[in-house]
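Geometric and topological summary
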Amino acid sequence: MKDSDKTRMIVIDGVDGSGKGVQSRRMLEAFVRAGFDVILTREPGGSPAAEDVRKLLVEGDPEKWDSMTELMLMYASRRSHLRDTIWPALAQGKWVISDRYADSSRAFQGIAGELGLETVEKIHHIVVGDFEPELVLILDLPESIGLDRANQRGDQENRFEMKSSEYHAKVRAAYLQIASSNHQRYQVIDANQEIDQVSEALLEVVNRHFDLKLALTKIKQ
Ligand code: TMP
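First, a word on what this report is: a plain description of the structure on this page. Not measured: the values here are computed from a predicted model.

1. Focus on the pattern of salt bridges
Within the structure shown, the criterion is met by 19 salt bridges. Note that Asp84 is salt-bridged to Arg83, the shortest N-O span being 2.9 Å. The class of Asp84 is partly exposed, set by a relative accessible area of 36%. Overall, Arg83 belongs to the exposed group, its relative accessible area being 56%. It is possible to trace a salt-bridge network through shared partners that takes in Asp103, Arg106, Glu121, Glu132 and Arg185.

Dropping the structure here:
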């Protein structure tokens, strides 16, 4: 495939508290500094309607939805995100960086939530069709370290963080399983190191994959 044919969408995904937020903002900054037209978006959310659905998902009692209802809500918000944000941006030639995307549904609802990957893929195909991001960067670290970091944020959006430690251990293993299924699309990055080292590792993968020369800028987190 020519580099110009590649879908210009990069996803940063991983366990809660793995540093996706900081790293995706740094990635955005690197693209902007290099003069590219780029947007940073997130899931669940990323469009006005999808942000409404996000609130239902990330706040309140962990048991208020079962995995299937979560999956339905995730895909309702994903459809809005694609239609209103991602697809228009790509059609305009912009780069899209997304903090989480469909592999979160595979890992959280499909594997940790025990719906099975096959169920997620069926829904995915109905809602999304064949569209896939070009590159998915999985930030990996022990889930207990991630949860400690996430809990220190102390915000209201902690419905998933309050699920059991077994659930989060399954989420971590799920990402590694998913990543091993396609070495072209997925790259696992060790997130249990200094922020700058993680940023460097991410940029190196992106530069190699897309033949770019992005450089790290240290911005406020
Ligand atoms: P965030 O804290 O990274 O914004 O994500 C909110 C939570 O939503 C996070 O704990 C992971 C969860 N999630 C899923 O369970 N399935 C999904 O498809 C997505 C996008 C997120």
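2. Regarding the nonpolar core
With 57 residues, the main nonpolar core has Met27, Phe31, Tyr75, Tyr101, Leu137, Val171 and Val206 as its most contacted residues. Those residues in contact with Tyr75 that lie beyond four places of it in its chain are Ala102, Ser105, Val120, Ile123, His124, Val127 and Val128.

3. Side note on the sheet that holds strand 5 (residues 186-190)
Here 5 strands make up an open sheet; going across it, the order is 2-3-1-4-5 and the pairing parallel. The sheet is open, and its two edges are formed by strand 2 (38-42) and strand 5, each paired on a single side. Adjacent strand axes in the sheet meet at a mean angle of 20 degrees when their direction is disregarded. Sheet analysis places strand 2 next to strand 3 (residues 95-99), joined by 5 bridges and oriented parallel. By the bridge assignment for strand 3, Leu40 is matched with Ile97. Running at roughly 160 degrees to strand 4 (residues 135-140), helix 8 (residues 195-210) makes contact with strand 1 (9-14), strand 3, strand 4 and strand 5 of the sheet.

4. Structural notes on the packing of helix 2 (residues 48-58) against helix 3 (residues 67-91)
Contact geometry of helix 2 with helix 3 gives a least axis separation of 8 Å together with a crossing angle of 160 degrees. One element, helix 2, and the other, helix 3, form an angle in the roughly antiparallel class. As for the relative orientation of helix 2 and helix 3, their crossing is left-handed in sense. Contact residues: helix 2 offers Ala49, Ala50, Val53 and Leu57, while helix 3 offers Glu70, Leu73, Met74, Ser77, Ser80 and His81. When its residues are assigned to classes, the contact of helix 2 with helix 3 shows 6 nonpolar, 3 polar and 1 charged.

5. Considerations on helix 5 (residues 117-128)
The end-to-end C-alpha distance of helix 5 is 15 Å, a good match for the 16 Å that 12 residues give at a rise of 1.5 Å each. Along its buried surface, helix 5 packs onto helix 3 and helix 4 (102-112).

6. A word on the site of the ligand
Close to the ligand lie 14 residues, the nearest being Asp16, Arg54, Arg100, Ser105 and Gln109. At a separation of 3.0 Å, an oxygen atom of the ligand approaches a polar side-chain atom of Lys20. With respect to the ligand, the side chain of Arg100 contributes an N or O atom lying 2.7 Å from an oxygen atom. The protein chains hide 94% of the 480 Å² of surface that the ligand would expose on its own. Judged by its atoms lying within 2 Å of the grid points, the ligand is housed in the largest pocket. Elements supplying a minimum of two residues to the shell around the ligand: helix 2, helix 3 and helix 4. At 4 residues, helix 4 tops the list of elements feeding residues into the shell around the ligand. Looking at side-chain class alone, the shell around the ligand contains 5 nonpolar, 3 polar and 6 charged residues.

Rules used throughout
Residues numbered from 1 in each chain as written. Predicted model: local features only at pLDDT ≥ 70, side-chain atom pairs only at ≥ 80, totals over all residues. Heavy atoms only, no water. Salt bridge = Lys/Arg side-chain N within 4 Å of Asp/Glu carboxyl O. Buried < 20%, exposed > 50% of the residue type's maximum accessible area, 1.4 Å probe, protein only. Core = buried A, V, L, I, M, F, W, Y, C linked by side-chain atoms within 4.5 Å. Contact = heavy atoms within 4.5 Å. Pairing = 2+ DSSP bridges. Helix = DSSP H or I, 4+ residues; strand = E, 2+ residues; numbered from the N terminus. Axes fitted to C-alpha atoms, helices over the stretch in contact; angles between N-to-C directions. Parallel < 35°, antiparallel > 145°, perpendicular 65-115°, else oblique. Left-handed = near helix turned anticlockwise from the far one by under 90°. Nonpolar A, V, L, I, M, F, W, Y, C, P; charged D, E, K, R; others polar. Expected span 1.5 Å × (residues − 1). Near = heavy atom within 4 Å. Polar contact = N/O pair within 3.5 Å; in protein donor to acceptor, adjacent residues only side chain to side chain. Areas by Shrake-Rupley, 256 points an atom, 1.4 Å probe, with all protein chains shown as cover. 1 Å grid on protein atoms, 1.4 Å probe; cavity = no way out; pocket = protein on both sides within 12 Å on 5 of 7 lines; lining within 4 Å. Sits in = over half its atoms within 2 Å of the grid points.

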